Amino acid sequence: MIVALDHVQLAAPPGSEPKLRAYYADVLGMTEVRKPPVLALRGGCWFQIGPVQLHLGIEDPFTPARKAHPALRIQGIHAYAKQSAALGAPVSWDYDLPGHHRFFSTDPVGNRIEFLEPIATQAG
């Protein structure tokens, strides 16, 4: 029986760790998680915020995920999008998911990331 999603892994090109740290830690506000030593030898980096983990593994040759993507639930999405854009992350709003505010962005190596927040409804 599946009980939880442990993490999502995205690929990244060799040598991209500084760019990934700048984006995932500085722009998104995630904390870098120390990789186990044997896995650290492979390169890449792991990030976490609350129970959510994203792992970025080195892949050579590298192709960014342009359709497949993690979706991160956000509180205060409009302020988050404004802050992300101010820090240099692209923000592309999408209004096709009923009941949600959402935008898409890409990390510095081209991987697609979705950000969404359910729209609060008033009980009538």
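Residues numbered from 1 in each chain as written. Predicted model: local features only at pLDDT ≥ 70, side-chain atom pairs only at ≥ 80, totals over all residues. Heavy atoms only, no water.

Draft legend 1. Just the nonpolar core, in detail. Judged by nonpolar contacts, the single largest core of 22 residues is most densely connected at Leu20, Tyr23, Tyr24, Leu28 and Phe115. At the level of secondary structure, the elements contributing two or more residues to this core comprise strand 1 (8-12), helix 1 (17-27), strand 3 (45-49), strand 4 (52-58), helix 3 (77-86) and strand 8 (112-118). Per element, the largest residue contribution to this core is four residues, and it comes from helix 1. Beyond its immediate stretch of four places on either side in the chain, Tyr24 contacts Leu10, Gly29, Met30, Phe47, Leu54, Leu56, Asp107 and Ile113. (Core = buried A, V, L, I, M, F, W, Y, C linked by side-chain atoms within 4.5 Å. Buried < 20%, exposed > 50% of the residue type's maximum accessible area, 1.4 Å probe, protein only. Helix = DSSP H or I, 4+ residues; strand = E, 2+ residues; numbered from the N terminus. Contact = heavy atoms within 4.5 Å.)

Draft legend 2. How the structure looks around the layout of surface pockets. Considered as a void within the structure, the largest pocket measures approximately 350 Å³ in volume. In this structure, the largest pocket is lined by 17 residues; those nearest its centre are Ile49, Val52, Ala71, Leu72 and Arg73. Counting residues per element, the ones that place at least two in the lining of the largest pocket are strand 4 and strand 5 (71-73). A per-class count over the lining of the largest pocket returns 13 nonpolar, two polar and two charged. Here the second largest pocket defines a volume of roughly 150 Å³. His7, Gln9, Lys35, Leu39, Arg42, Gly43, Trp46, His55, Leu56, Gly57 and Ile58 are the residues that line the second largest pocket. By residue number, the principal contributor to the lining of the second largest pocket is strand 4, which donates four residues. (1 Å grid on protein atoms, 1.4 Å probe; cavity = no way out; pocket = protein on both sides within 12 Å on 5 of 7 lines; lining within 4 Å. Points joined across faces, edges and corners; volume = space filled by probe spheres on them. Nonpolar A, V, L, I, M, F, W, Y, C, P; charged D, E, K, R; others polar.)

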